[in-house]
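This is what each chain is made of:
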2 protein chains.
Amino acid sequence: MATIDDVARAAGVSTSTVSYVLSGKRPISAPTRQRVERSIRDLGYRPHAGARALASSRTQVLALMAPLRADVNVNVIMQFVTGVVTSARAFEHDVLLLTQDDATGLERVADGSMVDALIMMDVEADDPRVPVLVGLRQPAVLIGLPQEPAGLSCVDLDFEAAGRVAVRHLAELGHRDVALIGSPRAVLERHTSYADRMLRGFTLEAVALGLTSTVQSCESSHSGAVEAVDAVLARMPGVTGVVVHNEVALPAVVATLRERGRRVPEDVSVVAVCPHDVAVGQPTPLTAVDIPAHTIGRVAVEMAMARVEGEQPAETRLLAPVLTARGTTAPAPAGQGQLNP
Amino acid sequence: MATIDDVARAAGVSTSTVSYVLSGKRPISAPTRQRVERSIRDLGYRPHAGARALASSRTQVLALMAPLRADVNVNVIMQFVTGVVTSARAFEHDVLLLTQDDATGLERVADGSMVDALIMMDVEADDPRVPVLVGLRQPAVLIGLPQEPAGLSCVDLDFEAAGRVAVRHLAELGHRDVALIGSPRAVLERHTSYADRMLRGFTLEAVALGLTSTVQSCESSHSGAVEAVDAVLARMPGVTGVVVHNEVALPAVVATLRERGRRVPEDVSVVAVCPHDVAVGQPTPLTAVDIPAHTIGRVAVEMAMARVEGEQPAETRLLAPVLTARGTTAPAPAGQGQLNP
DNA sequence: TTGAAAGCGCTAACAT
DNA sequence: ATGTTAGCGCTTTCAA
């Protein structure tokens, strides 16, 4: 491989000139720049990443810790990941992928100076990795919102507001008995940030609007969805509004409601909380609060890069939820609304 | 951050001794080793990845190019990715994630000496990236099998054999009219390796066994599955055996067959080609040929590392398919087998 | 068994 | 506008 010295020699300039042509950190005369660029092309020169990192303390790499396990929704995860990778490239960065179960991964790549910043998904309310991130030299961005951000940047959909918006939409249609079919039990039990906040928004808004509400965990499978729907129908036979926050179970929830004799949306309205493409890709397009996974990933990178560049303080950005009415919500069945005042 | 010199000073030895303690490349007396290890722990020392890469031309990083787009199955992709990341760690390597649409990513990370080896998924028969990989200094491993491996290592499920096994299973149960519901049109049209080979195995074995067969592409959505099933039923009303190679469409294919009055497996037998967990996670557990994605990812890493270490030549490993009979295949309906001799 | 020192290829003062 | 050069933190000869 050609080195920067080879390029300098070929162009008849000093190595620093080549370096500055590359970095643009000082003005270079047009003719010089052209000769250098020519030599770079002729030699197929590419700076050695390690040498550059050593001299500049910049790696042009971002770490992304993603939950690659079965119980979280793979589809949504993937959208976050592509969002991160794609926008990292816009900042001339590549992405090092760490998995959740590689407990010491964050410290390894940070302390070994392998990355300029870290992004972590699937944050829990009281996440043990948060103090670890706080102790690192590199800035970190959380996708999700822990109880104690401790000076870390955070970004996510405002799931609490999403829960509120979904409930309000149902209330405005006259529904009085509403249920949340949410994340798997395991996700709830570890107090995963998004699940906690969703639950909170749903419940608080139902109380605020005087609705009767119930919450049901739901495993991410066909049978899980069937069980969840049956549990809700048993506990709240008069339910007319259902919020579903579980992409995998989504189709089965709708199908099961129908199998149990509840027409959607005539008898029961369904509001999903899921990415846009999932909502419109169903047999019946769903009224849904969008989870803008790609955007969240992009914003996470932007926040990370901002902190790498300047001395910005940490910030938290919660994206406002957007509900789009499609085919699965309708006014509550006549009379129903008055049965449970 | 502490450097190797700090450690050496603290331990009262030379820097090279610390280096050798770390690498194990020369014998160190027990007392010396202990003092060095103590200092390393006390100082929380971690070697600087860039410096190490510069001096040793080893990055301890692997590149993985994965197709993070919508039309390939996200679930399976994810299993490959976790397989790769997990076993990379076993070789003390981290994984740099490149996306399919980052066309020049492979050259960028290879020529910039960011990685020790590259692994590429979703290979097409005549993939333009193959010659690129051949030109790199670092070894590359393909997950999939191009027409012309050109000296690259390849690993994958033997999809041709998988197609044959599936057909043979149906034939042994007496089925005479069989259909393949496969990948989306786009995947087939770019001659994605696995889709091509599957189709070939299915067709050749059907011919060899004297069966009547048809092949149908299938978009990865509910409606795509419905359309595919309807197309097959229209073209081959007497079909009694269906091989499905499309994880996303799988549940909808079975559901649609039933909606069209075909009981599964009494009227129509279904053989899936999908990962184990997908097959057993369906409402009805499916007779299936397993796609051992995790294993393939692991083998890819092993092959890559072997070539990084030694001067092994490139090799191609096709994993033998394993079919497990579950609830969705049964003997062909009586008499049917004789209608189309 | 250990140490000294020459790079690895680049960046960024410091000069001019 | 450009050149000179001292590191960056490690590995690995070469010596002892």
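Cut-offs applied
Think of each chain on its own: its residues are numbered from 1, step by step along the sequence as written. As a convention, the first chain written is A and the first ligand written is 1, with the rest following in written order. pLDDT decides what is reported in this predicted model: residues at 70 or higher carry local features, side-chain atom pairs at 80 or more are listed and counted, and totals for whole chains, interfaces and linings draw on all residues regardless. Values reported for side chains reflect all heavy atoms of the structure, with hydrogen atoms and water molecules removed beforehand. Strands here are runs of E lasting at least two residues and helices are runs of H or I lasting at least four, both read from the DSSP assignment and numbered beginning at the N terminus. Residues below a pLDDT of 70 in either copy are left out; the C-alpha atoms of the rest, at least 70 in both, set the least-squares superposition of the copies. We call two residues in contact whenever any of their non-hydrogen atoms come within 4.5 Å of each other. The working definition used for a salt bridge is a side-chain nitrogen of Lys or Arg within 4 Å of a carboxyl oxygen of Asp or Glu. Burial here depends on accessible area, computed with a 1.4 Å probe over protein chains only, as a share of the maximum for the residue type. Under 20% is buried, over 50% is exposed, and the range in between is partly exposed. Put simply, buried area is how much 1.4 Å-probe accessible surface two parts lose in total, over both of them, once they are put together. Residues are grouped as follows: Ala, Val, Leu, Ile, Met, Phe, Trp, Tyr, Cys and Pro are nonpolar; Asp, Glu, Lys and Arg are charged; all remaining types, including Gly, are polar. Whether two strands pair depends on DSSP finding at least two bridges between them. A cutoff of 4 Å decides nearness: a residue is near a molecule or strand if any of its heavy atoms lies inside that distance of it. The definition of a polar contact used here is a pair of N or O atoms within 3.5 Å, where within protein one atom must be able to donate a hydrogen and the other to accept one, and adjacent residues in sequence count solely through side-chain atom pairs. What we call a nonpolar core is a set of buried Ala, Val, Leu, Ile, Met, Phe, Trp, Tyr and Cys residues that are connected through their side-chain atoms within 4.5 Å. The quantity called pLDDT is the predictor's confidence in a given residue, expressed from 0 to 100. Any two rings among Phe, Tyr and Trp, with Trp reduced to its six-membered ring, count as a pair given centres within 6.5 Å; such a pair is stacked if its planes are under 30 degrees apart, edge-to-face if over 60, and tilted if neither.

Draft legend 1. Local environment of unusual backbone geometry. Residues and elements named next belong to chain A. Following Val264, the chain continues to Pro265 via a peptide bond in cis, the omega torsion being 10°. In this structure, Pro265 sits in the loop between α12 (250-259) and β9 (269-274). A positive phi angle, close to 55°, is found at Ser113, a residue other than glycine. Mapped onto the elements of the fold, Ser113 is located in the loop between α6 (105-111) and β3 (117-120).

Draft legend 2. Structural detail: the relation of the copies chain A and chain B. Of the transformation superimposing chain A on chain B, the axial component is 0.1 Å and the angular component is 180°, with the fit at an RMSD of 0.1 Å. Taken together, the rotation and translation describe the operation of a two-fold axis. A share of 100% of interface residues in chain A that are also interface residues in chain B marks the association as one of identical surfaces.

Draft legend 3. Representation of the pattern of salt bridges. For the structure shown, the criterion picks out 39 salt bridges over all chains. The closest approach of N and O atoms between Arg108(A) and Asp94(B), which form a salt bridge, is 2.6 Å. Of the two residues, Arg108(A) sits in helix α6 while Asp94(B) sits in strand β2 (residues 94-99), which places them in two different chains. Across this residue pair, the class does not change: Arg108(A) and Asp94(B) are buried. Of the charged contacts in the structure, one is a salt bridge between Arg129(A) and Asp127(A), with a shortest N-O distance of 2.7 Å. Of the residues examined, Asp127(A) reaches a relative accessible area of 5% and is grouped as buried. Each of Glu160(A), Arg164(A), Arg168(A), Arg200(A) and Glu205(A) takes part in one network of salt bridges that share partners.

Draft legend 4. The arrangement of the interface of chain A and chain B in detail. Each side of the interface is counted separately: chain A has 36 residues, and chain B has 36 residues. Of the roughly 3400 Å² buried between chain A and chain B on both sides combined, carbon and sulfur atoms contribute 68%. Across the chain A-chain B interface, the total number found is 6 salt bridges. The partner of Asp111(A) in a salt bridge is Arg46(B), and the shortest N-O contact between them spans 3.4 Å. For the side of chain A that touches chain B, the secondary-structure elements that each account for two or more residues are α4 (49-56), α5 (74-90), β2 (94-99) and α6 of chain A. For the side of chain A that touches chain B, the leading source of residues is α5(A), giving 8 residues. Of the residues assigned to the side of chain A that touches chain B, the class counts are 20 nonpolar, 8 polar and 8 charged. As paired elements, β2(A) and β2(B) share 3 bridges and run antiparallel to each other. By the bridge assignment for β2(B), Leu97(A) is matched with Val95(B).

Draft legend 5. Examining the protein's contact with DNA strand C more closely. DNA strand C sits among 29 residues. The nearest are Ile4(A), Tyr45(A), Thr17(B), Ser29(B) and Thr32(B). Of everything in DNA strand C that lies within 4 Å of the protein, sugar and phosphate atoms constitute 57%. Between DNA strand C and Ser29(B), the relevant distance is 2.7 Å, taken from a phosphate oxygen to a side-chain nitrogen or oxygen of the residue. Taken together, the elements giving at least two residues each to the surface near DNA strand C come down to α2 (15-23) and α4 of chain A together with α2 (15-23) and α4 (49-56) of chain B. In terms of residue count, the dominant contributor to the surface near DNA strand C is α4(A) (5 residues). The residue inventory of the surface near DNA strand C, partitioned by class, reads 12 nonpolar, 12 polar and 5 charged.

Draft legend 6. Geometry of the protein's contact with DNA strand D. Looking at DNA strand D, there are 29 residues lining it, with Arg26(A), Thr32(A), Ile4(B), Tyr20(B) and Tyr45(B) nearest. Ala51(B) is positioned with one of its backbone polar atoms (N or O) 3.4 Å from a base nitrogen of DNA strand D. Here Arg52(B) contributes a side-chain N or O atom positioned 3.1 Å from a phosphate oxygen of DNA strand D. Breaking the surface near DNA strand D down by element, the ones donating at least two residues are α2 and α4 of chain A together with α2 and α4 of chain B. Counted by class, the surface near DNA strand D contains 12 nonpolar, 12 polar and 5 charged residues.

Draft legend 7. Structural context of the nonpolar core. Ranked by size, the top nonpolar core spans 98 residues in total, and within it Val81(A), Ile119(A), Val243(A), Val81(B), Ile119(B) and Val243(B) carry the most contacts. If sequence neighbours within four positions are ignored, Ile119(B) has contacts with Leu62(B), Ala63(B), Leu64(B), Met65(B), Val84(B), Val141(B), Ile143(B), Ala300(B), Val301(B) and Ala304(B). Grouped together as the second largest cluster of nonpolar side chains are 40 residues, Ala110(A), Val115(A), Leu136(A) and Leu136(B) included.

Draft legend 8. How the structure looks around the confidence of the model for chain A. Per-residue pLDDT for chain A averages 94, and the proportion of residues at 70 or more is 97%. Contacts of residues 336-341 of chain A to residues separated by more than four positions or lying in other chains number 8 contacts, the stretch itself having pLDDT below 50.

Draft legend 9. Geometry of the side chain of Glu205(B). Residues and elements named next belong to chain B. As for its placement among the helices and strands, Glu205 is situated in helix α10 (residues 193-208). Within the structure, the side chain of Glu205 is placed 2.6 Å from the side chain of Arg164, a separation counted as a polar contact. With sequence-adjacent residues up to four places away left out, Glu205 is seen in contact with Arg164, Val167 and Arg168.

Draft legend 10. Quick peek at the packing of aromatic side chains. Residues and elements named next belong to chain A. On inspection of all chains with the given rule, the structure shows 2 aromatic pairs over all chains. Ring geometry for Phe159 and Tyr194: centres 5.8 Å apart, planes at 45°, overall tilted. Remark: Tyr194 occurs in helix α10 (residues 193-208) and Phe159 occurs in helix α8 (residues 159-172); sequence separation between them is 35 residues. Phe159 sits in the buried class, given a relative accessible area of 4%.

Draft legend 11. Seen up close, the environment of Ala334(A). With respect to the helices, strands and loops of the structure, Ala334(A) is situated in the loop between β12 (323-324) and α15 (336-339). Residues Ala334(A) and Ser113(A), spaced 221 residues apart in sequence, show a C-alpha to C-alpha distance of 64 Å.

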